[in-house]
Amino acid sequence: MSFALLKNSPEAQIEEMEDAFKAIRQKAQDYERHEKGTIAKLYTTLADLYAFGETSRIKFDETGRPLTQQFIEHHNGKWSKPVRGNPYIALLPQAFTNLSASLKSQYAQVLHHAHSMKVMAADFQQWLIVGEGIKGRLEEAADLANGTARQINARAKQSRLVHAGSVLTAGPRSQIVALPTATPHKGFATVLVEIDGNNNASILRLLDTDSSKIDPLILKLVPTQATERERSAERPMGRLHRAIELILNLIAPQNLNDCHVRIVNRMERGNACCHVDAISTSYSFMWAGMVLEGHVPLLPVDHIVALDVTAAHDFQDSFGRFDEWDIGKAVSSPDNYELTATAPTAKIIALSTLPQDQTFRIGSPILKGKQGITLSHNLLPDIRAFIDCWRADTKRANAKRKMLRGSPRRLAMQLDGERLQLVRDDAPNIATDFLTTKRKIDFAEPRWLAIADVERLCWTLGAYESDATGWFVDSDVGDAGLQFNTTFPNNSGQQDILTVLLPTVISNGMHYAQACQEI
């Protein structure tokens, strides 16, 4: 089936999509009814679905949303980050209702692989056949992904080696001494030295000059993932992009009402800075904001601009694919501003003003607290594993129960000496370390943390391999949340400070303590 949108208005085009998808769903159901049918039926149905997806994903409404997004959301699907990257993840379950999850995942990968290879819709079936079907194209996609990953990892490793080498050569060193045996090698090596206890050392033997053995020792001097991210932050508008990416990854904007990222240059105590903050009309939420040292270029002081969630995600996703980012006045409306990129092609993302008829709220962090906390990124994988283990235990137990329990939603907190631990609600004796703290007094009333919030914190700080410090905060109730502060230094000598407010859960109904205030 060739699929084309013939009408002009988005509403009429959505109707065309509904009619076309009904035909696809009927073919899919026919394939499933006949004991999964024949391969020819499957290929025909997938070809129709591919034509549908490729046509609708390049059509947009007047607000810039792709018609694919409208169709998926109309059918109660979520336009999440994975679906934005591969809409077939959401479209396949709408067409095939009786296939296993693994088969749906495989078919979605194949369709996305065809899209990446720029296969024409009319050629899709032939492309599948000559590529040895679903299995062959899946293996091809995996090989390409692995090859790309290897290239990325190789570049990242080389970048880290260069950075680590510069750290070593710029650091303290002893005077040059002669080796006991001559060698033509130039570069790093491992040697055996004898230290006499008076801060003197003698080289006894050259042990190894093999880079495959030396490089792992050098790489311990720099974080695994952070170097590439630091280099990204050095690009034009890179620090703004980092701030927006951190905020979006931390706050779950899809669960908030009228969420925006607010950007405003300020002068504070004579120092120039730029505040990048999550704001929403929701009463209380996990909040994140970042203070960038120095002003964002061309934006007037105290002039507030904002990105709604769609525009913020657009900037997050587009930053790596375009270059020469800048902020300037919009050509069509000189009173407004926009983010622009010029290479390899032009890219424009509008910066909006905030609606005046809505009351937005923002996190209310404090400058200094009494009960200090420290979070080490080394613990974050253990915390994620602890949560995953609890989910797995619940799933196994549900297989034997008549009354099923829902997936875990919150973690209790308890003090154990100088450690704050996270505790399973269903098993108070099972806990994992979360923070170190100077706090000595236990909680006056029960306090929990939402598992989803803890996971986002772990994933985000873990990706940047960042530690955090902070303290407990109070609002209208005691222990209303945890505040984390993380510093991101830049090569220019400037530093940006990320602040996160993790509100506590204060009821069985998963209600947050108040951690936000009206702007």
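This text follows the structure it describes.
Residues numbered from 1 in each chain as written. Predicted model: local features only at pLDDT ≥ 70, side-chain atom pairs only at ≥ 80, totals over all residues. Heavy atoms only, no water.

A short note on the layout of surface pockets
In this structure, the second largest pocket occupies an estimated 1,200 Å³ of space. Elements with a contribution of two residues or more to the lining of the second largest pocket: helix H8 (133-170), strand S1 (190-195), strand S2 (201-208) and helix H9 (211-219). For the lining of the second largest pocket, the class distribution of residues is 16 nonpolar, 11 polar and 1 charged. (1 Å grid on protein atoms, 1.4 Å probe; cavity = no way out; pocket = protein on both sides within 12 Å on 5 of 7 lines; lining within 4 Å. Points joined across faces, edges and corners; volume = space filled by probe spheres on them. Helix = DSSP H or I, 4+ residues; strand = E, 2+ residues; numbered from the N terminus. Nonpolar A, V, L, I, M, F, W, Y, C, P; charged D, E, K, R; others polar.)

Points about the environment of Glu293
Tracing the backbone through its elements, the reader meets Glu293 in strand S5 (residues 287-293). Residue Glu293 is classed as partly exposed on the basis of its relative accessible area, which comes to 34%. In the structure, Glu293 is positioned 203 residues away from Asp496 in sequence and 5.7 Å away in space, judged by C-alpha atoms. Those residues within four positions of Glu293 in sequence are excluded, and the remaining contacts are Arg239, Ala272, Gln494, Gln495 and Asp496. (Buried < 20%, exposed > 50% of the residue type's maximum accessible area, 1.4 Å probe, protein only. Contact = heavy atoms within 4.5 Å.)

Some points on the packing of aromatic side chains
All chains considered together, the criterion is met by 14 aromatic pairs. Ring centres of Tyr50 and Tyr88 lie 6.2 Å apart, and the angle between their planes is 25°; on these two criteria the pair is classed as stacked. Note that Tyr50 is positioned in helix H2 (residues 39-56) and Tyr88 in helix H5 (residues 88-95), a separation of 38 residues in sequence. Relative to Trp325, the ring of Phe319 lies with its centre 6.1 Å away and its plane at 20°, an arrangement referred to as stacked. (Phe/Tyr/Trp six-rings, centres within 6.5 Å; stacked < 30°, edge-to-face > 60°.)

A look at the pattern of salt bridges
In total, this model carries 22 salt bridges according to the counting rule given. The partner of Asp30 in a salt bridge is Lys41, and the shortest N-O contact between them spans 3.1 Å. Of this pair, Asp30 sits in helix H1 (residues 10-33) while Lys41 sits in helix H2, and the two are 11 residues apart along the sequence. Taking the relative accessible area as the measure of exposure, Lys41 reaches 31% and is therefore partly exposed. (Salt bridge = Lys/Arg side-chain N within 4 Å of Asp/Glu carboxyl O.)

Overview of the pairing of strand S17 (residues 481-489)
The element S17 is extensively covered by neighbouring structure, given that 7 of its 9 residues are classed as buried. Two elements, strand S16 (residues 468-473) and S17, share 5 bridges in a ladder whose sense is antiparallel. Of the residues in S17, the one forming a bridge with Thr469 is Asn485. (Pairing = 2+ DSSP bridges.)

Focus: the sheet that holds S5
If you trace the 12 strands from one edge of the open sheet to the other, you get S6-S3-S4-S5-S18-S17-S16-S11-S14-S13-S12-S15, paired in antiparallel fashion. The strands lining the two open edges of the sheet, one partner per strand, are strand S6 (305-308) and strand S15 (448-450). On average, each strand axis in the sheet is tilted by 30° relative to the strand beside it, whichever way the strands run. The sheet contact formed by strand S3 (residues 260-268) and S6 spans 4 bridges and is antiparallel. Bridge pairing links Ile263 to Val305 in S6. Along the sheet, helix H13 (residues 380-398) makes contact with strand S11 (372-375), strand S12 (410-416), strand S13 (419-424) and strand S14 (427-437), crossing S14 at roughly 160°. (Axes fitted to C-alpha atoms, helices over the stretch in contact; angles between N-to-C directions.)

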